[in-house]
Amino acid sequence: MSLPLKKCLRDVYFAVIDSLQGENIIKNCVTIAQNRLIVRPYLIDDQSYDFDLSKRNLLILGAGKATLSLTVGFLKVLDSYNSSNLHDSIGVKRGTIIVPFGSHVETQHHRLLDKYNIELFFGAKNNLPDQDSVDATQRLLNMVDESNEDANSDNHHSNLYLTFITGGASALLVAPKPPLTLGQKREITCQLMKAGFTINELNQVRRKLSLVKGGQLAKRILSKNVESQVVSLIASDVIGDPLSIIGSGPTYPPELHESTFEVVHRAFQKLSLPDGNSFISSLLENQSEERVSYHDRLHNVVILNNSLALKVAREKIEKLGFRLNDLGSCIQGEASKLGEKLAELIKSYDGKGAVCWIGGGETTVTIGSSSHGRGGRCQEMALKFLIETLPLNDQKIIMMAAGTDGQDGPTPVAGVIYQRKDLKPELSLEYVQEAALAHIESHSSYTFWSDHAPDSLLDTNGPTGVNVMDLYCVLRSA
């Protein structure tokens, strides 16, 4: 292995991002043939879904960080089919997708979206629901209602809704239950994030406050027209791929568990609600949720997750000659503590040869009410790793903690690829230790890396079009 370590990890990261682009994923699991849509998710063996499109209107819905990539990938498959079947082509009656601001939209993407009648909306600056998200969601719901009305008056064609739900949908599909306002809902989310609620827990609370989350989008589609069907292709950004949690599960009616009651009750206890907002309390306290089954009319299929990302990364690293230690795809917990655990692995290693520890998941950062630092979970995890390994002064060690979506918290970078020599040479060991500890305390990891080791920051120049949680990797060369 002669390549520089930093280039090795950059190449691994971008190989993962390239492999998981929507066009590559869709062409491997979606086929259109003889007027039929066939879905064969390669994450699930011996399972497929087959839909006759000859008497159906095809409609496309979606929201999330990877939704544009997946939608364009599907449209390319459809366009290729239509190019060779001019007398038996398949159209898209209507479509609406919502993606984050900053998503890269190429000219060819616009052409395909326009050609197949799909409206593109943007929302969720800094991963937070905003008025643009609310407005876009209303347009999507209007499209659903109008399409159902059309289908009810058409005795010859039913509707097939193909939906692309990915991580980030929680902040993009936004329809607060009246009289709850967007501002109130955002304040609730921010308070719970600062209290250390996991993404799973946040989504359980969000579901109680929304008209679209928790299977309510599917219910709106399927309850208004008994012939309609929904097939939802899902990219998971949650450990274990729970359908009720990914994007807050807009097409998956959840089953209620005791854990849901406990999470919502704990949220109620944590929230500091001003007087006069008793209706918010009533929304949270109301635990009655109807579990509706639509039998063979609703299909939720995970086609992409962190395990697939790790598979690509492992194959790339093995080719570089590193011996792998697989940490799995379920890493979770406080970011700084996990950074310390990764450091312990490397400090306790006494073997020889090039070695790698690799895993994936999603950590959390618990922020106190007085903290106003700028950072992200991956950058904080890497900063704790720096603190613990700095005394080793070992240039053979390099560590990556990076989000596959290209944005680590409210910062412009995906995360960090750190090597000891990235630190500015004029900085003393004592100063770096003190500064790092102070930035951990204030949760301002981005400020530390920007000021003291800017070469460590991993910049993807915006959203990657992928969102399957984070990648964590530590390499030690021979």
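Up top is the structure.
Here is a short report on the structure shown in this document. Quantities reported herein were computed from a predicted structural model and do not represent experimental measurements.

Attention now moves to the overall build of the protein. The number of helices and strands found in the protein is 16 helices and 15 strands. Its C-alpha radius of gyration of 23 Å places the protein within 12% of the 23 Å reference for a compact globule of 478 residues. If you line up the protein on its principal axes, its C-alpha atoms span 75 × 60 × 40 Å. Split into buried and exposed, the 478 residues of the protein put 56% on the buried side. Partitioning the contacts of the protein with sequence separation of at least 6, the portion at a separation of at least 24 is 80%. For the protein, the exposed area adds up to about 20,000 Å²; of that, 47% sits on carbon and sulfur atoms. Here the protein holds 48 positive side-chain charges and 55 negative ones, and the gap between their average locations is 2 Å.

Before going further, it helps to spend a moment on the sheet that holds strand β12 (residues 397–403). Sheet architecture is open: 6 strands sit in the order β10-β11-β15-β12-β13-β14, paired in mixed fashion. If you trace the sheet from one side to the other, it starts and ends with β10 (323–326) and β14 (457–458), each paired once. Here strand β13 (residues 415–419) pairs with β14 via 2 bridges, running antiparallel. Across the sheet, G415 pairs through a bridge with L458, a residue of β14. Strands in contact with helix α14 (residues 377–389) are β12, β13, β14 and β15 (470–476); relative to β12, the strand with the most contacts, it is inclined by about 165°.

Note on soluble globular proteins: their nonpolar side chains tend to be buried together. F74, L75, L233 and L475 are the most contacted members of the largest nonpolar core, which totals 69 residues. For this core, the element with the most residues is helix α3 (residues 67–84), which contributes 8 residues. Excluding anything up to four places from it in sequence, L475 contacts L5, C8, L9, I317, F322, V355, C356, K396, I397 and I398. Membership of the second largest hydrophobic core comes to 36 residues, among which are V355, A382, I387 and V432.

Looking now at the packing of helix α15 (residues 429–441) against helix α16 (residues 445–452). Between two packed helices, what matters for the description is the angle formed by their axes and the separation of those axes. Running from amino to carboxyl end, α15 crosses α16 at an angle of 150°, the nearest separation of the two axes being 8 Å. In this view, α15 runs roughly antiparallel relative to α16, as classed from their interaxial angle. Of the two elements, α15 crosses α16, and the hand of that crossing is right-handed. Residue-level contacts link Y431, V432, A435, A436 and H439 of α15 to S445, T447, F448 and H452 of α16. A class-by-class count of the residues in the contact of α15 with α16 yields 5 nonpolar, 4 polar and no charged.

We now examine the state of the cysteines. Considering all chains together, one arrives at 0 disulfides under this definition. Here C378 is not disulfide-linked; the sulfur of C473 is the nearest cysteine sulfur, at 13 Å. A relative accessible area of 0% places C378 in the buried class.

It is worth spelling out the pairing of strand β3 (residues 49–52) at this point. The alternating pattern of β3 places Y49 and F51 on a buried face, while none of D50 and D52, on the opposite face, is buried. Here 4 bridges tie strand β2 (residues 36–39) to β3, and the two strands are oriented antiparallel to one another. Opposite R36, over in β3, you have D52 as the bridge partner.

Under the definition given, this model contains 20 salt bridges. Its salt-bridge partner being K76, residue E23 comes within 2.8 Å of it at the nearest N-O pair. Taken together, the residues span a long stretch of sequence, with E23 in helix α2 (residues 22–29) and K76 in helix α3 at a distance of 53 residues. The partly exposed category is assigned to K76, whose relative accessible area is 22%. Across the salt bridge formed by K93 and D150, the nearest N and O atoms sit 3.8 Å from each other. Remark: D150 occurs in helix α5 (residues 131–152) and K93 occurs in the loop between α3 and β5 (94–100); sequence separation between them is 57 residues. In this structure D150 comes out as partly exposed when scored by relative accessible area, which is 35%. Residues joined by salt bridges that share partners form a network here, namely E344, K347, K384 and E388.

Spatially, the 6 strands line up as an open sheet ordered β6-β5-β4-β7-β8-β9, and their pairing is parallel. The open sheet has two free edges, formed respectively by β6 (118–123) and β9 (298–304), since each of these has just one partner strand. The sheet shows a mean angle of 15° between the axes of neighbouring strands, taken without regard to direction. Sheet topology note: the strand β4 (residues 56–63)/strand β7 (residues 158–166) ladder contains 8 bridges and is parallel. When the bridges of β7 are listed, G62 appears paired with F164. Docked against the sheet, α2 engages β7, β8 (229–235) and β9, running at close to 125° with respect to β9.

Closest axis-to-axis distance for the α2/α3 pair is 7 Å, and the angle between their directions is 50°. Classed by the angle they form, the pair α2 and α3 counts as oblique. Crossing hand, α2 versus α3: right-handed. Residue-level contacts link G22, E23, I25, I26 and K27 of α2 to S69, L70, G73, F74, K76 and V77 of α3. Classifying every residue of the contact of α2 with α3 gives 5 nonpolar, 3 polar and 3 charged.

Bringing unusual backbone geometry into the picture now. The omega torsion across P178 and P179 is 5°, close enough to zero to call that bond cis. Locating P179 in the fold gives a position in the loop between α6 (169–172) and α7 (182–194). With a phi angle near 65°, N35 is a residue other than glycine that sits in the positive phi range. Here N35 shows up in the loop between β1 (30–33) and β2. Its relative accessible area of 13% is what places N35 among the buried residues. The backbone of D241 shows a phi angle near 55°, a positive value even though the residue is not glycine. Inspection of the secondary structure assignment puts D241 in the loop between β8 and α10 (258–270).

The rules behind the values
- Residues numbered from 1 in each chain as written.
- Predicted model: local features only at pLDDT ≥ 70, side-chain atom pairs only at ≥ 80, totals over all residues.
- Heavy atoms only, no water.
- Helix = DSSP H or I, 4+ residues; strand = E, 2+ residues; numbered from the N terminus.
- Rg over C-alpha atoms; globule rule 2.2 N^0.38 Å.
- Buried < 20%, exposed > 50% of the residue type's maximum accessible area, 1.4 Å probe, protein only.
- Contact = heavy atoms within 4.5 Å.
- Areas by Shrake-Rupley, 256 points an atom, 1.4 Å probe, with all protein chains shown as cover.
- Lys, Arg positive; Asp, Glu negative; His and termini not counted.
- Charge placed at Lys NZ, Arg CZ, Asp CG, Glu CD.
- Pairing = 2+ DSSP bridges.
- Axes fitted to C-alpha atoms, helices over the stretch in contact; angles between N-to-C directions.
- Core = buried A, V, L, I, M, F, W, Y, C linked by side-chain atoms within 4.5 Å.
- Parallel < 35°, antiparallel > 145°, perpendicular 65-115°, else oblique.
- Left-handed = near helix turned anticlockwise from the far one by under 90°.
- Nonpolar A, V, L, I, M, F, W, Y, C, P; charged D, E, K, R; others polar.
- Disulfide = S-S within 2.5 Å.
- Salt bridge = Lys/Arg side-chain N within 4 Å of Asp/Glu carboxyl O.

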